[in-house]
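# Descriptive structure summary
So the chains spell out like this:
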Amino acid sequence: MRLAIFGLTISSSWGNGHATLWRGLGKALVALGHEFIFFERDVLYYANTRDWSSLPDTFRNCELVLYGDWSSIRSRVRRELENCDCGMVTSYCADAIPATDEILDALGPRAVFYDLDTPITLDRLRAGKELAYIPARGLRDFDLVLSYTGGAALEQLRDVLGARHVEALYGHADPDTHRPVPPIADYRADLSWLGTYSADRQTALEELFVSPARLRPADKFLIGGAQYPEHFPWSENVYFVHHVPPAEHAAFLSSSRLTLNVTREPMARMGWCPSGRLFEAAACGAAVLSDQWRGLDSFYSPGQQILTACGANDTLAAMDMSDAQLQSIGRAARERTLDEHTSRHRAAQLISCLERSSTALPHSTPAGTRIEHAHAHGHEHEHDWDRDRDRMWR
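## Considerations on the sheet that holds strand β4 (residues 86-90)
If you trace the 7 strands from one edge of the open sheet to the other, you get β3-β2-β1-β4-β5-β6-β7, paired in parallel fashion. Every interior strand has two partners, whereas the edge strands, β3 (63-67) and β7 (166-168), have only one. The mean inter-strand angle of the sheet, taken between neighbouring strand axes irrespective of direction, is 20°. Pairing of strand β1 (residues 2-6) with strand β2 (residues 35-41) involves 5 bridges; the strand directions are parallel. Note that in β2 the partner of F6 across the bridge is F39. Contacts from helix α3 (residues 74-82) reach β1, β2, β3 and β4 within the one sheet, and its direction differs from that of β2 by about 160°.

## A look at the pattern of salt bridges
According to the stated counting rule, one finds 23 salt bridges in the structure shown. In this structure, K27 and D176 form a salt bridge, with 2.8 Å as the shortest nitrogen-oxygen distance. Of this pair, K27 sits in helix α1 (residues 18-31) while D176 sits in the loop between β7 and β8 (191-194), and the two are 149 residues apart along the sequence. Of the residues examined, K27 reaches a relative accessible area of 31% and is grouped as partly exposed. For R41, the salt bridge is made with D95, and the minimal N-O distance between the two is 2.9 Å. Pair noted here: R41 is in strand β2 and D95 is in the loop between β4 and α4 (96-105), with a separation of 54 residues, a long-range link. Taken as a pair, R41 and D95 share a single burial class, namely buried.

## Topic: the pairing of strand β12 (residues 288-291)
Looking along a regular strand, one sees the side chains alternate between the two faces of the sheet. Because side chains alternate across β12, one face comprises the buried residues V288 and S290, and the other comprises L289 and D291, equally buried. Taken together, the 3 bridges between strand β11 (residues 259-261) and β12 define a ladder with parallel strand orientation. Along β12, the bridge assignment pairs L260 with L289. Summarising the sheet, β12 and strand β13 (residues 307-309) pair through 3 bridges and their orientation is parallel. Bridge pairing in β13 links L289 to L307.

## Regarding the nonpolar core
Counting residues in each nonpolar core, the largest one holds 71 residues, and the members touching the most others are F6 and L139. Sequence-distant contacts of L139, that is, excluding residues within four places in its chain, are made with F113, I134, V145, L157, L161, G162 and A163. Core analysis: the second largest hydrophobic core is formed by 30 residues, L21, L116, L169 and L354 among them.

## A word on helix α13 (residues 343-356)
Over its 14 residues, α13 runs 20 Å from end to end, which matches the ideal 20 Å to within 8%, given 1.5 Å per residue. Taken together, the buried positions of α13 are occupied by S343, R346, A347, L350, I351, C353 and L354. Taken down its axis, α13 places every buried residue within 160° of arc, on the same side.

## Observations concerning unusual backbone geometry
With a phi angle near 65°, Y92 is a residue other than glycine that sits in the positive phi range. Relative to the assigned elements, Y92 resides in the loop between β4 and α4. Looking at Y92, the relative accessible area reads 0%, which means it is buried. Phi is positive for W272, close to 50°, though the residue is something other than glycine.

## Considering the packing of α1 against α13
Here α1 crosses α13 at 70°, and the two axes come no closer than 8 Å. With respect to each other, α1 and α13 are oriented roughly perpendicular. Judged by the twist between their axes, the crossing of α1 over α13 is right-handed. Contact residues: α1 offers G24, L25, A28, L29 and A31, while α13 offers S343, R344, R346, A347, L350 and I351. Residues belonging to the contact of α1 with α13 are distributed by class as follows: 7 nonpolar, 2 polar and 2 charged.

## Re the confidence of the model for the protein
Per-residue pLDDT for the protein averages 90, and the proportion of residues at 70 or more is 91%. Across residues 362-394, confidence stays below pLDDT 50; counting only partners more than four residues off in sequence or on other chains, it has 103 contacts.

## What to know about the packing of aromatic side chains
The tally for this structure, following the rule as stated, stands at 24 aromatic pairs. For the pair W234 and F240, a centre-to-centre distance of 5.2 Å together with 55° between the ring planes defines the contact as tilted. Classification of W234 as partly exposed rests on a relative accessible area of 32%. Judged by relative accessible area, F240 falls into the partly exposed class, the value being 34%. Consider the rings of W272 and F299, whose centres lie 6.4 Å apart with planes at 70°: the pair is edge-to-face. Taken together, the residues span a long stretch of sequence, with W272 in the loop between α9 (265-270) and α10 (276-283) and F299 in the loop between β12 and β13 at a distance of 27 residues. Judged by its relative accessible area of 31%, W272 is partly exposed. Grouped by ring-pair contacts, the aromatic residues Y170, W272, F279, W293, F299 and Y300 constitute a single cluster. The cationic tip of R23 hangs over the ring face of W52; the distance from NZ or CZ to the ring centre is 4.3 Å. The ring of F279 has R346 sitting right over it, with the charged end atom 5.4 Å from the ring centre.

## Regarding the pairing of strand β6 (residues 144-147)
Residues of β6 alternate between two faces, with L144 and L146 on one and V145 and S147 on the opposite face, all of them buried. Note that the unit made of strand β5 (residues 110-115), helix α5 (residues 118-126) and β6 has a crossover that is right-handed. As defined by bridge partners, β6 adjoins β7 across 3 bridges and the pair is classed as parallel. Directly across from V145, in β7, lies its bridge partner V166.

Analysis parameters
- Residues numbered from 1 in each chain as written.
- Predicted model: local features only at pLDDT ≥ 70, side-chain atom pairs only at ≥ 80, totals over all residues.
- Heavy atoms only, no water.
- Pairing = 2+ DSSP bridges.
- Helix = DSSP H or I, 4+ residues; strand = E, 2+ residues; numbered from the N terminus.
- Axes fitted to C-alpha atoms, helices over the stretch in contact; angles between N-to-C directions.
- Contact = heavy atoms within 4.5 Å.
- Salt bridge = Lys/Arg side-chain N within 4 Å of Asp/Glu carboxyl O.
- Buried < 20%, exposed > 50% of the residue type's maximum accessible area, 1.4 Å probe, protein only.
- Core = buried A, V, L, I, M, F, W, Y, C linked by side-chain atoms within 4.5 Å.
- Expected span 1.5 Å × (residues − 1).
- Arc of directions from axis to C-beta.
- Parallel < 35°, antiparallel > 145°, perpendicular 65-115°, else oblique.
- Left-handed = near helix turned anticlockwise from the far one by under 90°.
- Nonpolar A, V, L, I, M, F, W, Y, C, P; charged D, E, K, R; others polar.
- pLDDT = per-residue confidence, 0-100.
- Phe/Tyr/Trp six-rings, centres within 6.5 Å; stacked < 30°, edge-to-face > 60°.
- Lys NZ or Arg CZ within 6 Å of the ring centre and 35° of its normal.
- Right-handed = clockwise from strand over helix to strand, strands pointing away.

This is the structure in structure tokens:
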């Protein structure tokens, strides 16, 4: 099967979770005998932080197309879609609307939308905010809609945006990249947190990380990530690494006694929202302490494969566990990840979803569908992507 993917980025892992996901998923698709071409707008922000200028040689018969504006690749897109089985648009794709138009106009490929930010999408719709990656007709014209978040989010994608065939496609970890490695002195800590700064998880981060750090001044706390503001409540025992590249994620996660998983507030509120970082940490055999949300126990067993916390006291209790206890939890989480949550599992699931979907479904409007706000169909809108980048997940 050959896919044409129109996404935010696969070339830069800086300040987003999309790139790491696509790198793992793309590698797994190739291993399963499939091919893809990835179209990415060449925006300055990612150009300045790019760690992939092209796809690795191991991505056989696959290609990354970096382009300056849509008009420069329109004819190329049309040619590629003629030879593809699937045309996929993702949330936060810079040219989602014209890409959707081309996919729907093409005769052969299944039309797929993959929302990697579903709770953010739904929250912005409820607030009447702009969504430049959602067509005026919502999602009803797509043969398949995939969601990074499950549970109630799937029903809302049907009811609010008219999606006809919806399935969850969760995050994952590439076990070749995310695996236990020897600890590195610079990354040693009693508690670590790896993630881009986001205002909508700051309250939880302060409760589960900042407050315990102040209560345990003799312990070392470590943050790795990008876009942290000057007003972040640092303390003397909280250390900071400005952006940890994907190649060093395993070392970062393997070097602390305990690592934290904190979910953005809209996603935690909706539930069924495992982040890519959660699977990556577990694949590294790290002992993970996570905030609580509905559905977490369907991915890892609390108390056996993962620890959970509602407040600072829960964090301190987890930190007081013995090394042997934490290592046992980390090993169990890694086993569960290798059994159920690798990139190869998700790639096989994606292909299965595509095979079940059908372009023969009628393009009708489900009863009760309501769209709060979207762009006019076919309008090539120039969007403030630097502004929206700061609201992105992970």
